[in-house]
Amino acid sequence: MKKKLIENIRNRKSKIGVIGLGYVGLPLALRFVESGFKVFGFDIDISKVIKLKKNESYIDGIASSQILKLRKKKVFRASNDFSFCSQMDALIICVPTPLKNRKPDLSYILDTMDTLSPYFRKGQILSLESTTYPGTTDEELYPRLKKLGFNIGTNFFLTFSPEREDPGNLKYNTKNIPKVVGGYTNNCLKVGVELYNSCIDKIIPVSSTKVAEMSKLLENIYRSVNVGLINEIKIVSDKMNIDIHEVIKAASTKPFGFAPFYPGPGLGGHCIPIDPFYFTWKAKQHGVKTRFIQLSGIINSSMPKWILNKIIINLKNRGLNLKKSKVLVLGIAFKKNVSDTRESPGAKLISLLKKKFIKVEYSDPYIPVFPKMKKYNYNLKSVKINQNNLKKFDLVLIVTDHSKFNFSLIKKHAKCIIDTRGVYQGNYRHIIKA
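A brief look at the structure comes next. Because the structure is a prediction, the values reported are computed rather than measured. Each chain carries its own residue numbering, running from 1 in the direction its sequence is written. Local features in this predicted model are restricted to residues of pLDDT 70 or higher, and side-chain atom pairs are both shown and tallied only at a pLDDT of 80 or more, whereas totals for entire chains, interfaces and linings draw on every residue. As a rule here, side-chain values come from all non-hydrogen atoms in the structure, and water together with hydrogens is ignored.

Moving on to the overall build of the protein. Here a strand is any run of E in DSSP of at least two residues, a helix any run of H or I of at least four, and the numbering for each starts at the N terminus. Scanning the protein from terminus to terminus reveals 14 helices and 15 strands. The size measure is the radius of gyration over C-alpha atoms, and the globule rule it meets is 2.2 Å times the number of residues to the 0.38 power. What you see for the protein is a C-alpha radius of gyration of 24 Å, in line with the 22 Å of a compact globule of 434 residues. Counting only C-alpha atoms and orienting by the principal axes, one finds that the protein spans roughly 75 × 50 × 40 Å. Type-normalised accessible area, obtained with a 1.4 Å probe on protein chains alone, sets the label of each residue: buried when under 20%, exposed when over 50%, and partly exposed for intermediate values. Counting across all 434 residues of the protein, residues that qualify as buried make up 54%. Shrake-Rupley sampling with a 1.4 Å probe provides the accessible areas, and residues are treated as covered by the protein chains on show and by no other component. Per element, the accessible surface of the protein, about 20900 Å² overall, is 52% carbon and sulfur. A gap of 4 Å separates the mean positions of the 73 positive and 34 negative side-chain charges of the protein. Within this scheme the basic residues Lys and Arg register as positive and the acidic residues Asp and Glu register as negative, but His and the chain ends are omitted. For the purpose of locating charges, the reference atoms are NZ of Lys, CZ of Arg, CG of Asp and CD of Glu.

What follows deals with the side chain of Ser215. You can see Ser215 is positioned in helix α8 (residues 209-239). Note on Ser215: relative accessible area 19%, which makes it buried. Here a polar contact is recorded for every N or O atom pair within 3.5 Å, except that within protein the pair must consist of a potential hydrogen donor and a potential acceptor, and residues adjacent in sequence are included only if both atoms are side-chain atoms. A polar contact is formed between the side chain of Ser215 and the backbone oxygen of Ala212, at a distance of 2.7 Å. Contacts of Ser215, omitting those with residues within four sequence positions, involve Pro162 and Val180. Two residues qualify as a contact provided that any one of their heavy atoms is within 4.5 Å of a heavy atom in the partner residue.

As a further point, take helix α10 (residues 275-285). Of all 11 residues making up α10, eight are buried, and the element is well covered by its neighbours. Listing the buried residues of α10 in full gives Asp275, Pro276, Phe277, Tyr278, Phe279, Thr280, Lys282 and Ala283. In the core, the buried residues of α10 are packed alongside β5 (99-100), β6 (103-104), α6 (136-147), α8 and α11 (291-317). Positioned one or two residues after α10, Gly287 has a phi angle of 75 degrees, which is positive.

Each full turn of the α-helix corresponds to 3.6 residues, which orients residues three or four apart in the same direction. Multiplying one less than the number of residues by 1.5 Å gives the expected span of a helix. The terminal C-alpha atoms of α8 lie 46 Å apart, and with 31 residues this matches the ideal 45 Å at 1.5 Å per residue to within 8%. A side-chain oxygen of the first residue of α8 lies 3.4 Å from the backbone nitrogen of Lys210; this N-cap is Ser208. Asn241 sits one or two positions beyond α8 and adopts a positive phi of about 60 degrees.

Next up on the list: the nonpolar core. Generally speaking, nonpolar side chains in soluble globular proteins are found buried as a group. Residues enter a nonpolar core if they are buried and are Ala, Val, Leu, Ile, Met, Phe, Trp, Tyr or Cys, with the set joined through side-chain atoms within 4.5 Å. Judged by nonpolar contacts, the single largest core of 76 residues is most densely connected at Phe32 and Leu126. Ranked by residues supplied to this core, first place goes to helix α2 (residues 25-34) with six residues. In this structure Phe32 touches Ile16, Phe37, Val39, Ile92, Leu195, Tyr196, Ser198 and Cys199, once residues within four positions along its chain are discounted. Counting residues in hydrophobic clusters, the runner-up holds 33 residues, among them Leu315, Val338, Ile358 and Cys416.

Right under this line is the structure:
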């Protein structure tokens, strides 16, 4: 069965099913289509399926015209009918893995496995891409497949290949980001490598699913720890009246032994704020306390409150009443030039400002209406950036430095600016770096 499956993948005869059509699943599904496969995209969110059937994209970097072109060729289909999964040769799971009380929540993965169970068949490969703790594939997916009577590595193949999507990145995309693949058995690995090699430039095979799972956590913990370090240095630099961005620029001239990381208002996105806690939870099961990693999480989580304190001090020093003050938050997307609001530090800061009874509005060219989030739901619309609107606010808070913002106009007409992203270089009387 391995030989036949590999042959069908090479000849583009295999049908690919991608479960979960978010920021990871949809780009991956379209990449397989572009590589010559017929692809089904599955999602329990019917609104996504309806949009795709109307040839509408909801992901940054994917044009609606691209969806239209592929659907016209009848090589891509979106559905919430999972019975079609029995026709797929490869099934790839790209569903969320959130935290619940700072513990891994695998419910989306396990519910997906329950949904797919009636449609698994011999000769398929199942690949998990959702970020999770080392051991998930072996300890959760394998037993379920074994219980269904499959001989993993002989008549059914199981792999883990962590997603590495970076929304808004114009240089790296699904095609040219190297893909790590780990298999439950050597045969599983061979099929997995063949599957991803068919649409991605470079494949990195590793010895096990656990190594692949751990590699994803290491990537994101590395960033979390270094961002925590630079955020802590920023706080000290602020006390010493030193521009942290000038410091980073100077240190970056060293041609070895230093990689620049930049401070900010707090971590956002699905990966960086969450993945370290997946690792610390698993480490505790092995009797290890990951104090260094936990500390970075504490520092990064504290940044919105540190910035809130800067805002309050500024308003009070200017003799303004907090309850009558108006603050404009620039950017509620978690990163530059995207519309993704997952774990948004901007939304967190709006919440903190409202708790202090400060009047707050936001502007984000990518998000015209404040979206419904699990933690936050405000009846707000994006404010247009112009001279008259800027003068209405006592303070402008830069949270996300979108390229579409006219920062020259903002500098000229805002009464006071707190810059958390290092947009402005040099010293200005009304600009506070935070």
